[in-house]
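Now for the letters of each chain:
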Amino acid sequence: MASSSQKQGSSKYVTLISSDGFEFVVLREAACISKAIKKMLAGSFLESKRGDRCHFEEINGIVLEKVAEYFCYNYKNRNREDVPDMDIPPELCLELLMAADYLDSECKKKSYISLNYC
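Here the structure is a predicted model, which is why all the values come from computation and not from measurement.

1. Focus: the pairing of strand β2 (residues 23-27)
In regular strands, side chains alternate between the two faces of the sheet.
So, point 1. Two strands pair when backbone bridges link them, and strand β1 (residues 13-17) and β2 are joined in this way by 5 bridges, in the antiparallel orientation. Note on β2: the bridge partner recorded for I17 is E23.
So, point 2. Between β1 and β2, which pair antiparallel one after the other, the connecting turn spans 5 residues, and G21 there sits at a positive phi close to 90 degrees.

Following this line, the structure appears as structure tokens:
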């Protein structure tokens, strides 16, 4: 059975583009943990019309790379318990928390806990 995104003719993947031009290709289902990305791709936003490419002028490549890594990590471990924390460099903690807030992501809730390890 095809998923709803495949029924609409959308790609299985989305491309996240940072303010400095770096591109990260992520599974759509993994990236849609972010309410902002989900709305951007589903609604009447420009991103839904330009081929599943989301531009983030507010997020640099280093931070967006870690966000994309988190999306994949979360997707891979979504049905597991006792998942170890991701390694987050202390110098990125504040920027990652701001990106999670901007993306209105479920990872924001987990980020507050993970910041204790920074």
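2. A word on the sheet that holds strand β3 (residues 53-55)
So, point 1. Pairing in this open sheet of 3 strands is mixed, and the strands run β2-β1-β3 from one edge to the other. A strand with exactly one partner marks an edge of an open sheet, and here the two such strands are β2 and β3. Ignoring strand direction, the axes of neighbouring strands in this sheet form an average angle of 25 degrees.
So, point 2. Packing against the sheet, helix α5 (residues 61-76) makes contact with β1 and β2, and its axis sits at approximately 15 degrees to β2.

3. Details of the environment of F45
So, point 1. Inspection of the secondary structure puts F45 in the loop between α3 (35-42) and α4 (46-49).
So, point 2. Judged by its relative accessible area of 45%, F45 falls in the partly exposed class.
So, point 3. In this view, F45 contacts K39 and M40; residues no more than four positions away in its chain are not counted.

4. Points about the nonpolar core
So, point 1. Grouped together as the largest cluster of nonpolar side chains are 24 residues, with contacts concentrated most on L16, I37, F56, V67 and F71.
So, point 2. Of all the elements in the fold, those that place two or more residues in this core are β1, β2, α2 (28-31), α3, α5 and α6 (93-103).

5. Focus: the packing of aromatic side chains
So, point 1. For the structure shown, the criterion picks out 1 aromatic pair.
So, point 2. Ring centres 6.4 Å apart and planes at 85 degrees place the aromatic pair F56 and Y102 in the edge-to-face group. A residue pair is termed long-range when its members are at least 10 positions apart, and F56 in the loop between β3 and α5 and Y102 in helix α6 qualify at 46 residues.
So, point 3. Residue F56 is classed as buried on the basis of its relative accessible area, which comes to 1%.

6. Topic: the pairing of β1
So, point 1. Along β1, 4 of the 5 residues are buried, which leaves the element largely enclosed by surrounding structure.
So, point 2. Pairing analysis gives 3 bridges linking β1 to β3, with the strands arranged parallel. Directly across from I17, in β3, lies its bridge partner H55.

7. Some words on unusual backbone geometry
So, point 1. Unlike most non-glycine residues, D82 shows phi in positive territory, near 55 degrees.
So, point 2. On the secondary structure map, D82 appears in the loop between α5 and α6.
So, point 3. On the accessibility criterion, D82 (76% relative accessible area) is exposed.

8. Let's talk about α5
Residue pairs three or four apart in sequence face the same way in an α-helix, which turns once every 3.6 residues.
So, point 1. Between its first and last C-alpha atoms α5 spans 22 Å; for 16 residues at 1.5 Å apiece the expected length is 22 Å, and the two agree.
So, point 2. Among the residues of α5, G61, V63, L64, K66, V67, A68, Y70, F71 and N74 are the ones counted as buried.
So, point 3. For α5, the N-terminal capping position is held by N60, with its side-chain oxygen 3.1 Å away from the main-chain nitrogen of I62.

9. Quick look at the confidence of the model for the protein chain
So, point 1. Per-residue confidence for the protein chain gives a mean pLDDT of 82; residues scoring 70 or more make up 80%.
So, point 2. No element of the protein chain has a lower mean pLDDT than helix α1 (residues 4-7), which averages 43, and none a higher one than β2, which averages 97.

The rules we used
One numbering rule holds for all chains: residues counted from 1, following each sequence as written. Selection of residues for local features in this predicted model requires a pLDDT of at least 70, selection of side-chain atom pairs for listing and counting requires 80 or more, and totals for whole chains, interfaces and linings are taken over all residues. Computation of side-chain values covers all heavy atoms of the structure but excludes hydrogens and water. Two strands make a pair as long as DSSP finds a minimum of two bridges between them. Where helices and strands are cited, they refer to DSSP runs of H or I of at least four residues and of E of at least two residues respectively, numbered from the N terminus. Axes, fitted as lines to C-alpha atoms, cover a helix only where it is in contact. Angles between the N-to-C directions of the axes lie from 0 to 180 degrees. By definition, residues are in contact when any of their heavy atoms lie within 4.5 Å. Only protein chains enter the accessibility calculation, which uses a 1.4 Å probe; a residue whose area is less than 20% of its type maximum is buried, one above 50% is exposed, and one in between is partly exposed. For this analysis, a nonpolar core means a set of buried residues of the types Ala, Val, Leu, Ile, Met, Phe, Trp, Tyr and Cys, connected via side-chain atoms within 4.5 Å. In this scheme Phe, Tyr and Trp rings, the latter by its six-membered ring, pair at centre separations within 6.5 Å, and the angle between planes marks the pair as stacked below 30 degrees, edge-to-face above 60, and tilted otherwise. Every helix has an expected span of 1.5 Å times one less than the residues it contains. In protein, a polar contact means a hydrogen-donor-capable atom and an acceptor-capable atom, both N or O and within 3.5 Å, with residues adjacent in sequence counting only if both atoms are side-chain atoms; elsewhere, any N or O pair within 3.5 Å suffices. Confidence of the prediction at every residue is given by pLDDT, a number between 0 and 100.

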